[in-house]
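Now for the letters of each chain:
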Amino acid sequence: MMRRLLPIWLLTALVHLTGAAFGQYTKDWNPWPVVVDGDTLTAPYWGGVNFPKVSLVDFDGDGLVDLMVGEDKGKLGYFRNVGTAAVPEWAPQEERLGGIDVGSWHTFCDIDADGDPDVFCDGKNGQTAFYSNMSVGSNTVLKFETATFGGFQTGFNNTCDFADIDNDNDFDFFFGGATGELTFYRNDGDSANPSFVFVTNSYDSVLAFPGGSAFRPQHGFSALHFSDIDLDGDQDLFYGDIFNFNVYFFENFGSPVLSDLTKVSEAWMPFSTFGFNHLASADLDGDTDLDLVVGVGSQDINTLYHLRNNAGTFVVLDSNIVKTIDHESYGSPTFGDLDSDGDLDMLLGGENGRLWHFENVGTPAAPSFVLQSRFYKGIDVGLSSAPVLVDWDCDADLDLLIGNDLGRIQFWRNTGSPANFNPVLVTNQLAGIQVDQLASPMPADLNGDGLRDLLVGEWDFNSFANVRLYENTGNNPDPTLTLVTANVIKRRAGDLTLPVVYDWDADGKKDLIVGSRYFGLTWYRNTAAGGQFPDSNTFVAQPDTLPGYDDGYRLALRFADIDADGDDDLFVGEEDGGVNFYRRDGAGTLCDCPWQADLDGNGFTDATDLAFVIDIVFFGQSDLQDPACPTTRADFDANGFADATDLAFLIDHVFFGQSGPSDPCTVDTECP
């Protein structure tokens, strides 16, 4: 067949479309039922909620009060009220409102009097950023205006607030000072055209110290909320502080025009927390008085309280408004069929060293999870459990490897059966392995010799954390692990490593994806020759953005075909103790078929296969459909047809020398 020539510019462009994994991934906060303590979670895969900073505002203008939750990495979660004015029901709408980064704090105010709430937040320079709300209906649009609004020097992590303290129909501005006092900027403009003038750093002699004395220096970051909580027509002040386990309450004994904020309580709430409490008020039950939501800014469990105002007495209705999987901190999931019923169950590690057991009581195609235990099988590895389910001894049932904060890996052998998981501790220190801290094991055969090797992630106090590679120099039923290298990747210093092995670009070679605390998820493409261990030169970091890269800190990635549709979905554990879920879209999977990139069947991928795909995509030739496969053989990304994306994928193989074996699936082939 005569081959047509493509323009050099087109080939060059296609060569630079470097590999993404097959299919697309869609985040889903509530893909199937998850039951915890008898309650069906409304947002099980939101990812956990630690240190939230809350606001209550009718963001979509439907007359119902919505919930905004500030979290790590500058995320501002939007939970829309899909209930009623008397019974709110907050459903997740956006994980990062308008796609913006609010930094360490946020607040809302209709500063331009156009009827919708604008966003003010951390300007990352000690000042205040302003985003005007240009949203229409459900389409959120926040327009960045300035990072230096009003010239306010608010500092870091101090939640500020607006209030019409002088009843002149415009909003004034307040923030807490480093001395525990109250800084005041008066608005000398009008409701639509603000003009702020600094007045004082000690408004109304407010002092947020125990006993009201500056000689007891126990003031830190502050969280302000103005509210006419007693409905007397003037603005009272709640002053949260990182050193106050409750909240300061300053009642306004003045008037709507001339305030007199006087501290009447250092512990106003009916409960205490670990401190830095953020309050937001609104009528949440339709009885015309103000109820409260409290975000606990220094706590990782019971972090979002709902308080009802019963004639001036506040009653706790809920301590976890956002119903999500939340193992307090350091969520680390692993999946396996623990009861041999044909579907995947989940174990979730966490900071307390124990494992949570979520049994899949649904079907392989329609999962449904129930939390059965917060102390699975009595396993406690100390702190920071990082589990992986694997048939380590090749006896046809799953065992457990669990890393911990001591830098060691525990091996728990299943002495039961595939249907009756009964782990027994074999060793507290597998193969004598000792990293500095926070060991994270990941077994995989990386040199293709049929023996399961071991990668170990770590944290190093001296900022030298990398990923260690141990070769199995024994056999699969009884591995002997020998250190090959302590530095398998070229690593940025100062971060921990959480490795997972997966053929991300489906070229038949096992790549490495490394989760971290600060740098998200990084894909290292395996460019090593067949039969060779990859090293820091052949595990090559790629610029691709992976699903879940922005989910939070300390990201622990796992793949699992949770819905039995023939492709691997993606789960990301995070520091907040939760799990995020990404469903892989698209029909079909390479794992069901022979190596599709070898279109001419000569056993490897070469320029002849590339020429076939060029003909298919640009010149309308036959797409070489394979009747044994659910997709066409040239449809590498499984989107239903062969296109330029498939061509770019194949160019990666040919130009970068990545030849496909007979089966590119990441499957457990080490055990006979």
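Residues numbered from 1 in each chain as written. Predicted model: local features only at pLDDT ≥ 70, side-chain atom pairs only at ≥ 80, totals over all residues. Heavy atoms only, no water.

Asker: What is the right way to read the sheet that holds strand E17 (residues 236-241) from this model?
Answerer: Think of a sheet as strands paired side by side through backbone hydrogen bonds, with each pair either parallel or antiparallel. Taking strand neighbours across the sheet as the criterion, the four strands line up as E16-E17-E18-E19 in an open arrangement whose pairing is antiparallel. Either end of the sheet is taken by a strand with one partner, and the two such strands are strand E16 (222-227) and strand E19 (261-265). Averaged over neighbouring strand pairs, the angle between their axes works out to 25° when direction is ignored. Sheet topology note: the E17/strand E18 (residues 248-252) ladder contains three bridges and is antiparallel. Among the inter-strand pairings, Phe238 is bridged to a residue of E18, identified as Phe249. (Pairing = 2+ DSSP bridges. Helix = DSSP H or I, 4+ residues; strand = E, 2+ residues; numbered from the N terminus. Axes fitted to C-alpha atoms, helices over the stretch in contact; angles between N-to-C directions.)

Asker: Explain the pairing of strand E4 (residues 53-57) to me, please; I cannot follow it from the model alone.
Answerer: For a regular strand, side-chain orientation follows a simple rule: the groups alternate between the two sheet faces. Where burial is concerned, most of E4 is hidden: five out of the five residues are buried. Inspection of the sheet shows E4 paired to strand E5 (residues 66-70) by five bridges, in the antiparallel sense. Bridge pairing links Val57 to Asp66 in E5. (Buried < 20%, exposed > 50% of the residue type's maximum accessible area, 1.4 Å probe, protein only.)

Asker: Even after reading the chapter, I still don't get the sheet that holds strand E20 (residues 277-282), so can you show me in this structure?
Answerer: Spatially, four strands are ordered E20-E21-E22-E23 in an open sheet, and the strand pairing comes out antiparallel. Of all the strands in the sheet, just E20 and strand E23 (313-318) have a single pairing partner and so form its edges. With direction set aside, neighbouring strand axes in the sheet form an average angle of 30°. Two strands pair when backbone bridges link them, and strand E22 (residues 304-310) and E23 are joined in this way by five bridges, in the antiparallel orientation. By the bridge assignment, Arg308 is partnered in E23 with Val315.

Asker: Looking at this structure, how should I read the pattern of salt bridges?
Answerer: Pairing between side chains of opposite charge can happen when the charged atoms of each approach one another. Tallying each qualifying case throughout the model produces 19 salt bridges. Across the pair Lys263 and Glu266 runs a salt bridge, and its minimum N-O distance is 3.3 Å. You can call Lys263 partly exposed: its relative accessible area is 26%. Measuring nitrogen to oxygen at the nearest pair gives 2.6 Å for the salt bridge that ties Arg517 to Glu575. With Arg517 in the loop between strand E37 (511-515) and strand E38 (521-526) and Glu575 in the loop between strand E41 (569-573) and strand E42 (579-584), the pair connects residues that are 58 residues apart, well separated along the chain. (Salt bridge = Lys/Arg side-chain N within 4 Å of Asp/Glu carboxyl O.)

Asker: Just to check I follow, could you spell out the confidence of the model for the chain for this structure?
Answerer: Predicted coordinates in regions of low pLDDT should not be interpreted in detail. For the chain, the mean per-residue pLDDT works out to 88, and 85% of the residues sit at or above 70. Every residue in residues 1-22 is under pLDDT 50, and counting partners more than four places away or in other chains gives 42 contacts. Predicted confidence for residues 587-595 stays below pLDDT 50, and this span has 33 contacts to residues more than four positions away or in other chains. (pLDDT = per-residue confidence, 0-100. Contact = heavy atoms within 4.5 Å.)

Asker: What am I meant to see in unusual backbone geometry here?
Answerer: Of all residues except glycine, most have a negative phi; of all peptide bonds, most are trans. The phi torsion at Asn167 lies on the positive side, around 55°, for a residue other than glycine. Positive phi outside glycine occurs at Ala564, with the angle close to 55°. Inspection of the secondary structure assignment puts Ala564 in the loop between strand E40 (556-560) and E41.

Asker: Teacher, can you tell me more about the packing of aromatic side chains here?
Answerer: Under the definition given, this model contains 45 aromatic pairs. Here Phe174 and Tyr203 contribute two aromatic rings whose centre-to-centre distance is 5.4 Å and whose plane-to-plane angle is 70°, an arrangement assigned as edge-to-face. In this pair, Phe174 is assigned in strand E13 (residues 172-176) and Tyr203 in the loop between strand E15 (196-200) and E16, connecting sequence segments 29 residues apart. Tyr203 carries the same exposure label as Phe174, and that label is buried. For the pair Trp356 and Phe358, a centre-to-centre distance of 6.3 Å together with 45° between the ring planes defines the contact as tilted. One exposure class covers both Trp356 and Phe358, and it is buried. (Phe/Tyr/Trp six-rings, centres within 6.5 Å; stacked < 30°, edge-to-face > 60°.)

Asker: What is the right way to read the nonpolar core from this model?
Answerer: Nonpolar side chains in soluble globular proteins tend to end up buried together. In terms of nonpolar packing, the biggest core is built from 28 residues, with Leu455, Trp504, Leu512, Ile513 and Phe559 touching the most fellow members. Looking at this core, the elements with two or more residues in it are strand E32 (437-444), strand E34 (467-472), strand E36 (498-502), E37, E38, E40 and E41. (Core = buried A, V, L, I, M, F, W, Y, C linked by side-chain atoms within 4.5 Å.)

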